[in-house]
Each structure stands twice: as C-alpha cells, then as structure tokens.
Amino acid sequence: MAYPPWIDPYDAEPFAAFSTSHIVSMIIIAALVILLFLFRDRLRFMSERTSRLVRNGLAGFMIGCEIVLQLWYVYGGIWSLQTSLPLELCSLSLLLSALLLLTRKRWLYSALLFAGIAGALMAIVTPNLGYAFAHFRFIQFFVAHAMIILALLYMTWVEQLRPGWRSVAGSMIFVNIAALVVYVVDVLLGANYMFLRHKPSTPSVLDMLGPYPIYILGEELLALVLFSLLYLLLFVIPEWLKRSFN
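Participant: Explain the overall build of the protein chain to me, please; I cannot follow it from the model alone.
Facilitator: The secondary structure content of the protein chain amounts to eight helices and zero strands. Start at the N end of the protein chain and walk to the C end: the helices and strands fall as α-α-α-α-α-α-α-α. Over its C-alpha trace the protein chain gives a radius of gyration of 19 Å, about what one expects of a compact globule, namely 18 Å for 246 residues. Along the longest, intermediate and shortest principal axes, the C-alpha atoms of the protein chain span 60 × 40 × 35 Å. Within the protein chain, the fraction of its 246 residues that count as buried is 44%. Considering only intrachain contacts with a sequence separation of at least 6, the fraction spanning at least 24 residues in the protein chain is 73%. For the protein chain, the accessible area works out to roughly 13200 Å², and carbon and sulfur atoms hold 72% of it.

Participant: What am I meant to see in the pattern of salt bridges here?
Facilitator: Where charged atoms of side chains with opposite charge meet at close range, the side chains can pair. Counted by the stated rule, this structure contains five salt bridges. Where Arg55 meets Glu159, a salt bridge forms, and the shortest distance between an N and an O atom there is 3.5 Å. Within this pair, whereas Arg55 is found in helix 3 (residues 48–75), its partner Glu159 is found in the loop between helix 6 (136–157) and helix 7 (165–189), the two being separated by 104 residues in sequence. Glu159 carries the same exposure label as Arg55, and that label is buried.

Participant: Help me understand helix 7 in this model?
Facilitator: Since the α-helix turns once every 3.6 residues, residues separated by three or four places project in the same direction. Over its 25 residues, helix 7 extends 36 Å from the first C-alpha to the last, a length consistent with the 36 Å expected when each residue adds 1.5 Å. Those residues of helix 7 that fall on the buried side of the exposure criterion are Ser167, Val168, Gly170, Ser171, Met172, Phe174, Val175, Ala178, Ala179, Val182 and Asp186. Of the surrounding secondary structure, the elements contacted by the buried residues of helix 7 are helix 4 (89–103), helix 5 (106–125) and helix 8 (214–244). Gly190 sits one or two positions beyond helix 7 and adopts a positive phi of about 70 degrees.

Participant: What's the story with the packing of helix 7 against helix 8 in this structure? I'm lost.
Facilitator: What describes two packed helices is the angle between their axes and the distance between those same axes. Where helix 7 contacts helix 8, the axes come no closer than 10 Å and their chain directions differ by 150 degrees. Like other packed secondary-structure pairs, helix 7 and helix 8 cross with a definite hand, here right-handed. On helix 8, the residues that touch Trp165, Val168, Ser171, Met172, Val175 and Asn176 of helix 7 are Glu220, Ala223, Leu224, Phe227, Ser228, Tyr231 and Leu232. Of the residues assigned to the contact of helix 7 with helix 8, the class counts are nine nonpolar, three polar and one charged.

Participant: In this structure, what is going on with helix 8? I would like to understand it.
Facilitator: Under the 1.5 Å per step criterion, the end-to-end length of helix 8 is 43 Å for 31 residues, consistent within 8% with the ideal 45 Å. When the local axis directions of helix 8 are compared, the greatest deviation, roughly 40 degrees, occurs at Leu232. Among the residues making up helix 8, those that are buried are Tyr215, Gly218, Ala223, Phe227, Ser228, Leu230, Tyr231 and Phe235. Turning to helix 8, the residues buried within the fold contact helix 5, helix 6 and helix 7.

Participant: Mind showing me how you'd approach the packing of aromatic side chains here?
Facilitator: Aromatic ring pairs are reported here in terms of the distance separating the ring centres and the angle at which the planes meet. All told, the structure shown has 16 aromatic pairs when counted by the stated rule. Their ring planes at 50 degrees and their centres at 5.6 Å tell us that Trp72 and Phe136 sit as a pair that is tilted. Remark: Phe136 occurs in helix 6 and Trp72 occurs in helix 3; sequence separation between them is 64 residues. Grouping residues by exposure puts Trp72 and Phe136 together as buried. Ring centres 4.7 Å apart and planes at 45 degrees place the aromatic pair Phe138 and Phe142 in the tilted group. You can see Phe138 and its partner Phe142 sitting in helix 6, four residues apart, about one turn around the helix.

Participant: Can you walk me through the nonpolar core in this structure?
Facilitator: Nonpolar side chains tend to gather and get buried jointly when the protein is soluble and globular. Counting 62 residues, the largest nonpolar core has Phe114, Phe142 and Phe227 as the members making the most contacts within it. Counting only elements with at least two residues in this core, the list comes to helix 1 (20–38), helix 3, helix 4, helix 5, helix 6, helix 7 and helix 8. The dominant element in this core, judged by the number of residues it contributes, is helix 6, at 15 residues. Setting aside its immediate chain neighbours within four residues, Phe227 contacts Phe114, Ala115, Ala118, Val168, Ser171, Met172 and Val175.

Participant: Would you take a moment to explain a nonpolar patch on the surface for this structure?
Facilitator: A cluster of nonpolar residues, Trp165, Leu221, Val225, Leu229, Leu232, Leu233, Val236, Ile237, Trp240, Leu241 and Phe245, forms a patch on the protein surface that exposes about 1100 Å² of accessible area. Residue position: Val236 is located in helix 8. Its relative accessible area of 32% is what places Val236 among the partly exposed residues.

Participant: How should I be thinking about the environment of Glu220 in this particular structure?
Facilitator: Considering the arrangement of structural elements, one finds Glu220 in helix 8. The class of Glu220 is partly exposed, set by a relative accessible area of 29%.

Rules behind the numbers
- All residue numbers here refer to positions counted from 1 along the written sequence of the relevant chain.
- Since the coordinates come from a predicted model, pLDDT governs what is reported: local features require at least 70, and pairs of side-chain atoms require 80 or more to be given and counted, while whole-chain, interface and lining totals use all residues.
- Side-chain descriptors were evaluated using all non-hydrogen atoms of the structure, hydrogens and water having been removed beforehand.
- Counting from the N terminus, the helices are the DSSP runs of H or I reaching at least four residues and the strands are the DSSP runs of E reaching at least two.
- With the radius of gyration taken over C-alpha atoms, the globule rule is written as 2.2 Å times the number of residues to the power 0.38.
- Buried, partly exposed and exposed residues are distinguished by accessible area as a fraction of the type maximum, computed with a 1.4 Å probe on protein chains only: under 20%, between the cut-offs, and over 50%, respectively.
- Working rule for contacts: check all heavy atoms of both residues, and any pair within 4.5 Å makes them a contact.
- The protein chains shown are the only cover counted for residues, whose accessible areas, like all others here, come from Shrake-Rupley with a 1.4 Å probe.
- Take a side-chain nitrogen of Lys or Arg and a carboxyl oxygen of Asp or Glu: if they are within 4 Å of each other, that pair is a salt bridge.
- Working rule for helices: expected span equals 1.5 Å times residues minus one.
- Angles run from 0 to 180 degrees between N-to-C directions of axes, and those axes are lines fitted to C-alpha atoms, restricted for helices to the stretch in contact.
- If you view the pair so one helix is near and one far, a crossing is left-handed when the near helix is turned anticlockwise from the far one by less than a right angle, and right-handed when it is turned clockwise.
- Each residue receives one of three labels: charged for Asp, Glu, Lys and Arg, nonpolar for Ala, Val, Leu, Ile, Met, Phe, Trp, Tyr, Cys and Pro, and polar for the others, Gly being one of them.
- Values of bend correspond, residue by residue, to the angle between axes fitted over the seven residues ending at that residue and the seven starting there.
- Pairing of aromatic rings covers Phe, Tyr and Trp, the last counted by its six-membered ring, and requires centre-to-centre distances within 6.5 Å; plane angles under 30 degrees mean stacked, over 60 mean edge-to-face, and any other angle means tilted.
- Take the buried residues of types Ala, Val, Leu, Ile, Met, Phe, Trp, Tyr and Cys, join any two whose side-chain atoms come within 4.5 Å, and each joined set is a nonpolar core.
- Here, patches come from residues exposed beyond 30% relative accessible area and free of salt bridges, joined within 9 Å for like charges and within 5 Å for nonpolar side chains (Val, Leu, Ile, Met, Phe, Trp, Tyr).

Quick look at the structure:
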C-alpha cells in the first residue's frame, strides 16, 4: 500500500536533533508560553461560561491529539501493544492534563504540574522521534507536548491554582506510581514504555545518567532537581520579586 509522504510510517526523512525545523518548533512553543503569560490577566477575567468553553476546547484538542495518533498507528499498520499504548509519561500527562482542564481538581494539578512540564520540556529538547518536518508524526509530537505545558500553565496563570512544596512531592509520587504500574505492563508485554527496561535508541538525557538500571535512579534525582527548580522559577522567585517591588 502506497502512503502519502506526510503520513508514510515507513519511508520518511529521519528526524535530526537541533535541525532548523526542531529549533523553529522550540521557538514557537516558547512564544506561545510567553503570549499566554502576557495575556493571562485578560484571560483571567473571562466569564465563567467562556472560561468553561476554553477549558473544554483545550481538553478536547488534547484528547484529539492522542486519538489521531492512535488512528495513524492503525492506518499505517504499525499499531502494537508493545509500542502504541498511551503509557509514556508525556502521553499520560497529556490525557490527565485534559482531565485537569475539565475538572479543575487541585490534587490532580499538584500531581501533574512539575512532572508534566519537566517531562514535556525534556521531550521537546531531546525528542525520541523518527520523523522530520513536515511529517504528521513530527507535527503531532510537538503539538501534543506543547499542549501539556500550555494547559498546566493555563491552570496556573489563568485559573490561578497555586502549588507548594507539597506539589513537588506530589509530582514525584505521581511519577513513581506511574512508573511502577507501567513497569508491570512492560514486563507482561515485553515492552519498554517510559524506558524502564532500556534506553531509547535515539540520543537523550538518559545517556548521561549511566547504564541500566543506574540511569533510573539518576532519573529520580534529575526529576527532583527539575521539579524543585521549576517551583523556584515559576513561583518562589516571582513572589519574592513581587513583594520586593511593592
């Protein structure tokens, strides 16, 4: 079966890290984050009905990102239990962030905030991706990961949910519970979701964390450092600056 080049799962130009398309994608995502921050006050004063429509729309779009990916797997004849289930950390974060937009549950926000943002950032900078621009998978990958970051920042800057140090612990607990469940699935299916059984074939930050299984312990430490830094950068330092200049 012949596939159009932009959705061909077999014969596509390979992704190149820090290529022009990769750098442009990161710049666009950074610009969207900046725009969300700049317009946060205007968005904050939307009516409750409009706010609900925006959150529902964002959630629907995020769920749609996963649905079209699953449909592409099936269409291309590459769907499998070992590689296609939404069990990567960012896939879980995508779907649960959509649920957060729909429910506004504070416990879900605390669990997802730092894990979702840190995981999506790492994926954007060092993608485990086999397709270059303008393949469907390239576009879907960066859109989905950008939406995780934007959704969680939307709940922070617009919906004004606020974390504490407990949220760092909450994200660590979420990551470890998810990893435990996914590892069981990995063993049962002979899969490698969340790279819990071996490193990805493409270059990633895991290459700097030692061999298996040492790199998993390195991930724990890296996650704690990244979550703590995000808390400082997004909340502690801005609050300190605000008090200093008022």
